[in-house]
Amino acid sequence: MKIIHFSDTHLGYNDLEVINEENINQREADFYDAFSQVVEQIKIIKPDFIIHTGDLFHRSSPSNRAITFALEQFKIIDSLKIPFILIAGNHSTPRTNLSAPILKIFENFENIFVSYEQKYKKIEFKEIVFHTLPHMNDETTALSQIELCEAEIDASKKNIMMMHCSVGASYLMQEFGEWVFPREKEYIFEKMDYVALGHWHGFGRVGKHENVYYSGSTERTSLGDKRNSKGFVEINLDDKTNSKTASLFHMPRSIEFKEISIRPIVQKELDCEDYENTLIDASDTKNAIVEVKLTNLTPLQSIDIQNADIKKLFPHAMSVTVKREFKLSTNETNLADIEALSLEEYFLAHIKEDANEAEFERLKNKITELFAQYEESADDTL
Ligand SMILES: [Mn+2]
């Protein structure tokens, strides 16, 4: 029996203010692309079941575009006649009872099974039971729901547990309302054939549990997430034998991470000690998200080197962000540089980076005027 597990697809997420040819935020489009890649793989692999462990959408009230995209993809999945089981994560659960959970829109598909009502739900098939524990805003309810789940384990079938939470403190995402699975209940995992987790965005096995996995997200929701490998998990379960000894061990035959191809993040460092002569290799930055760190900067250089100049070094990148790191040791010349530089000059250089020429000229006059006024009032000799 084959299961595909994916999670944290965050449809509707957008970032970086880059618009593509179809007038869609490029990062938003990247997330749709990642989802489509998983669906393409599902068509090829033809698993027996598909599971998604939460954060299908980035927000609990997604945009029309995100909803439309999801409905199109779900129609494709539904037509494959493979049962698709989904649970709600913290991003798709409304924080108040006033708004309806978005996953409700999938209730009318024949092969799609959703669990979003902040309580345990058992989704049962002939040979397998999916124990779903969607995101719950209230931790006290959560404990009673875990106990319900435990009571429903069916030793004559395969048992799969699905949750969107942190297991142990090492998987905390520092997000509002995240749910930490109680340590004293972790022994339940051993009674399951596989425990599918969502919430943590990197693929990986959880601690000492050999059958407990995060599939990770399908894209990066922050540039701080430097992991370049994203994808889904393919689980092969042995067909259950009736012998008592076999049921003592709940170990899937194989668990394999399948990578999809996502936009790379490339980090570059530019040492400003010898800025003029530094050669930069941009050959690996095509369509990439590029992060450039300028190091050993002096304050004067920081004004001279504008972000626009750095961006020109990577003409084929999707986006370029610049981080500035100043030289730590200030020798005499540097101190002189700082003193020679007025606050007004600093400020003007900053404005110049973001404004176009006409706008800069207009602002420049205003700024000069303001600084003149300030200097007058600050001059106590008057
Ligand atoms: Mn998430």
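Just above sits the structure.
Residues numbered from 1 in each chain as written. Predicted model: local features only at pLDDT ≥ 70, side-chain atom pairs only at ≥ 80, totals over all residues.

(A) Spotlight on unusual backbone geometry. Even without being glycine, D8 reaches a positive phi, approximately 45°. Relative to the helices and strands, D8 resides in the loop between β1 (2–6) and α1 (26–45). By the C-beta count within 10 Å, which is 26 here, D8 ends up buried. Backbone geometry places H199, a non-glycine residue, at a positive phi of 120°. Relative to the helices and strands, H199 is located in the loop between β10 (194–198) and β11 (204–205). (Helix = DSSP H or I, 4+ residues; strand = E, 2+ residues; numbered from the N terminus. Buried ≥ 20, exposed ≤ 12 C-beta atoms within 10 Å, placed from the backbone.)

(B) Focus on the sheet that holds strand β3 (residues 84–87). Reading across the sheet, the six strands line up as β4-β3-β2-β1-β13-β14 and stay open at both edges, with mixed pairing between neighbours. Whereas interior strands pair on both sides, the edge strands pair on one side only; in this sheet they are β4 (112–115) and β14 (254–260). With direction set aside, neighbouring strand axes in the sheet form an average angle of 20°. Two elements, β1 and strand β2 (residues 49–52), share four bridges in a ladder whose sense is parallel. From the neighbouring strand, I3 faces β2, where its bridge partner is F49. (Pairing = 2+ DSSP bridges. Axes fitted to C-alpha atoms, helices over the stretch in contact; angles between N-to-C directions.)

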